[in-house]
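Working through the structure, step by step
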Amino acid sequence: MNRRNLRLVKIIFFLFALNSISLALYFFSHSKPFSNLHTRNPNPHSLALNRLPLTENQPKLQTHQRFLKPWPILPSYLPWSSQAPEVGPRSCEAYFGNGFTRRVDLLRPETTGSGWFRCWFSETLRSSVCEGGALRMVPEKVKMSKGGEKLEEVIGRSEEEELPDFDAGAFELDGGQRFSGEKRELASGEVLDEFVPEGEVLRHTMRGLIESTRIVPAREFECHEWIEEPTLLVTRFEYANLFHTVTDWYSAYVSSRVTGLPNRPHLVFVDGHCTATLEETWKALFSSLRYAKNFSGPVCFRHAVLSPLGYETSLFKGLTEEIKCRGTSAQDLWNNPDDRKTARLSEFGEMIRAAFQFPVNRHRIERPVSGYNVLFVRREDYLAHPRHGGKVESRLSNEEEVFNSLKNWISNHRDCRINLVNGLFAHMSMKEQVRAIQDAHVIIGAHGAGLTHIVSAMPKTVVLEIISSQFRRPHFQLIAQWKGLEYHAINLNGSYANPQVVIQKLNNIMRSLGC
């Protein structure tokens, strides 16, 4: 090798070595996902506002707790709260998320230099999304079972044991160095009556949490652990029932959007329920999940958001209060604003599908080569919670006969290809259930919680509900209406359905789809 080539090889080797060293230094310096710099930001919604340097009493969290899932891009997304125009009371937007516009400051950060707390009140829903910073939870002052156990381990445990009872000081706010004197209440009963009213809820746990909150001097604000990223605090009641859990999911999603969280928050269950199948979706929707009693000592949150109870959402209130809204596309609302239309449930349904990493941008093919999927949602016996006997109340006494009749009719149907899907949801994971709903062109089922999954249905999905005389309730008709889905019902005299009536109804629906 001549001198010129040797010199060239040396130069290439040197550049390669220099590049390798540069890359190593880069990745080393970026190995920690967040800096410990003391940052200040006047925007209270910003994650940076409440990021203070860790001290000896504030040990670092495990690495996995420092990462937050990003919000997915949703076709039906429209701006929320501070980004949106003023929302009229009792409008569809006020009912379905963007009505939390009245700000109530209970503790200002400029007063304490540390802790803060405020609520966003909805005149329409008569409830608040509340949030605070430098908030400490003392698990031993929250009286309830541990939570998160396997169902088989807690058979027979009462619901009373699982719901939280807050002692004074169960939650505390850092009053700062200037705060002197005794601990004091965050809010009086009169203030809570106005902004966190009990309404029809017999045991309002979110109000109980705020009632327990005390403002304390900085010298008394000691933490065993700090959660640096935004965290949702949620109390569930009927946690094993899909309909009621969907109201909780929706409330948690709305709370995250109303408070302008830049990423999907962590989640803490402030209840003592055991694990349930529905937790799979909680974990998919949010960045992490823990139970309040699973913390080993006092835990402090830089930014905590208190999600309203599911009973306070439009999904539940619509059962007793007329909400005259119809679902439409976000594009339609963007081009033609209308107070009587909403795309929020479509946005939420897309959020659930995206959380399970299903595509949300695909369009349904008018005449699918693989055939039309007809999903029959079944009701099966299963053990739901510690007080459940394992038997599900029948809403359709001849469900098996109806299913087999549909199966026979479809096997002889020659006009187009139809795939009958046996929706045995009790034996399917939540991801499999959402996939079945997403792929369905028609969803059939007796009145029951499983039909709540239609919140995740694709546009132009048709819903056929079979309703016994004992269960004439509007749950799924309303969800279909608020999503803009075509809805049909077969009202029974009793709980027996004539299979030929169901077949005829399905035949008419398939013809309308071009089959």
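For the structure, see preceding data.
Report follows, based on the coordinates. None of the values given here were measured: they were computed from a predicted structure.

1. As for the overall build of the chain
When its secondary structure is counted, the chain shows 15 helices and 22 strands. Counting only residues that meet the buried cut, the chain has 54% of its 515 residues in that class. Within the chain, contacts between residues separated by at least 24 positions form 75% of all contacts whose residues are at least 6 apart in sequence. Carbon and sulfur atoms provide 51% of the accessible area of the chain, an area that totals close to 24,200 Å².

2. With respect to the sheet that holds strand S10 (residues 225–227)
Spatial ordering of the open sheet is given by S8-S9-S7-S4-S14-S10, a layout of six strands whose pairing is mixed. The sheet is open, and its two edges are formed by strand S8 (184–185) and S10, each paired on a single side. With three bridges connecting them, strand S4 (residues 135–137) and strand S7 (residues 171–174) associate as antiparallel partners. Each residue of the ladder has a partner; that of Met137, found in S7, is Phe171.

3. Focus: the sheet that holds strand S1 (residues 100–107)
Spatially, seven strands are ordered S1-S2-S3-S15-S11-S12-S13 in an open sheet, and the strand pairing comes out mixed. Each edge of the sheet is formed by a strand with only one pairing partner; in this case those strands are S1 and strand S13 (288–291). Adjacent strand axes in the sheet meet at a mean angle of 25° when their direction is disregarded. Looking at chain direction, strand S11 (residues 231–234) and strand S12 (residues 266–269) are connected through four bridges and run parallel. Across the sheet, residue Leu232 finds its bridge partner in S12, namely Leu267. On top of the sheet, helix H7 (residues 242–258) reaches S1, strand S2 (116–122), strand S3 (127–133), S11 and strand S15 (304–306); it is set at about 140° to S11, its chief contact.

4. Re the state of the cysteines
Per the counting criterion, the structure on display carries four disulfides. Across the disulfide, Cys223 is cross-linked to Cys300 (sulfur-sulfur distance 1.7 Å). Between Cys223 and Cys300, the disulfide has an S-S torsion of -75° and is therefore left-handed. In this pair, Cys223 sits in the loop between strand S9 (214–216) and S10 while Cys300 sits in strand S14 (residues 299–301), placing the two residues 77 residues apart along the sequence. The class for Cys223 is buried, based on a relative accessible area of 9%.

5. Observations regarding the pattern of salt bridges
On inspection of all chains with the given rule, the structure shows 25 salt bridges. Residues Glu400 and Arg378 are paired through a salt bridge, measuring 2.5 Å at the closest nitrogen-oxygen approach. Of this pair, Glu400 sits in helix H12 (residues 399–411) while Arg378 sits in the loop between strand S18 (372–377) and H12, and the two are 22 residues apart along the sequence. Judged by its relative accessible area of 10%, Arg378 falls in the buried class. Three or more residues are tied together by salt bridges with common partners; here these are Arg102, Glu123, Arg126 and Glu194.

6. Topic: the layout of surface pockets
Taken as a whole, the second largest pocket encloses approximately 670 Å³ of empty space. Around the second largest pocket, the lining comprises 24 residues; the ones closest to its centre are Ser76, Ser329, Glu350, His363 and Pro459. Elements with a contribution of two residues or more to the lining of the second largest pocket: helix H10 (330–335) and helix H11 (344–355). The greatest single-element share of the lining of the second largest pocket, amounting to three residues, is contributed by H11. Per-class residue counts for the lining of the second largest pocket are seven nonpolar, ten polar and seven charged.

7. Considering the packing of H12 against helix H15 (residues 499–512)
Viewed as axis vectors pointing N to C, H12 and H15 meet at an angle of 50°, and their least axial separation amounts to 9 Å. Looking at the two axes, H12 sits oblique to H15. Read as a crossing pair, H12 and H15 show a hand that is right-handed. For the pair H12 and H15, contact is made by Glu401, Val402, Ser405, Leu406 and Trp409 and by Pro499, Val502, Ile503, Leu506 and Asn507, respectively. Here the contact of H12 with H15 is composed, by residue class, of seven nonpolar, two polar and one charged.

8. Details of empty space enclosed by the protein
Tallying each qualifying case throughout the model produces five cavities of 30 Å³ or more. Considered as a void within the structure, the largest cavity measures approximately 100 Å³ in volume. In terms of lining, the largest cavity is formed by 15 residues, of which the most central are Phe100, Leu125, Ser251, Val254 and Thr313. Elements that contribute at least two residues to the lining of the largest cavity include exactly helix H2 (92–98), S3 and H7. Here the element with the most residues in the lining of the largest cavity is H7; it accounts for four residues. Grouping the constituent residues of the lining of the largest cavity by class yields eight nonpolar, six polar and one charged.

9. Points about the packing of aromatic side chains
Under the counting rule described, the total for this entry stands at 15 aromatic pairs. With centroids separated by 6.4 Å and ring planes inclined at 80°, the aromatic side chains of Trp249 and Trp282 adopt a geometry described as edge-to-face. In this pair, Trp249 sits in helix H7 while Trp282 sits in helix H8 (residues 279–285), placing the two residues 33 residues apart along the sequence. In this pair, the class of Trp249 matches that of Trp282, namely buried. Their ring planes at 75° and their centres at 5.0 Å tell us that Tyr250 and Phe348 sit as a pair that is edge-to-face. On the criterion of sequence distance, the pair formed by Tyr250 in helix H7 and Phe348 in helix H11 is long-range, its members being 98 residues apart. Phe348 shares its class with Tyr250; the two are buried. Taken together through their ring pairs, the aromatic side chains of Trp71, Trp80, Tyr250, Tyr253 and Phe348 make up a single cluster. Against the face of Trp71 rests Arg257, its NZ or CZ located 4.1 Å from the ring centre.

What counts, and at which threshold
- Residues numbered from 1 in each chain as written.
- Predicted model: local features only at pLDDT ≥ 70, side-chain atom pairs only at ≥ 80, totals over all residues.
- Heavy atoms only, no water.
- Helix = DSSP H or I, 4+ residues; strand = E, 2+ residues; numbered from the N terminus.
- Buried < 20%, exposed > 50% of the residue type's maximum accessible area, 1.4 Å probe, protein only.
- Contact = heavy atoms within 4.5 Å.
- Areas by Shrake-Rupley, 256 points an atom, 1.4 Å probe, with all protein chains shown as cover.
- Pairing = 2+ DSSP bridges.
- Axes fitted to C-alpha atoms, helices over the stretch in contact; angles between N-to-C directions.
- Disulfide = S-S within 2.5 Å.
- Salt bridge = Lys/Arg side-chain N within 4 Å of Asp/Glu carboxyl O.
- 1 Å grid on protein atoms, 1.4 Å probe; cavity = no way out; pocket = protein on both sides within 12 Å on 5 of 7 lines; lining within 4 Å.
- Points joined across faces, edges and corners; volume = space filled by probe spheres on them.
- Nonpolar A, V, L, I, M, F, W, Y, C, P; charged D, E, K, R; others polar.
- Parallel < 35°, antiparallel > 145°, perpendicular 65-115°, else oblique.
- Left-handed = near helix turned anticlockwise from the far one by under 90°.
- Phe/Tyr/Trp six-rings, centres within 6.5 Å; stacked < 30°, edge-to-face > 60°.
- Lys NZ or Arg CZ within 6 Å of the ring centre and 35° of its normal.

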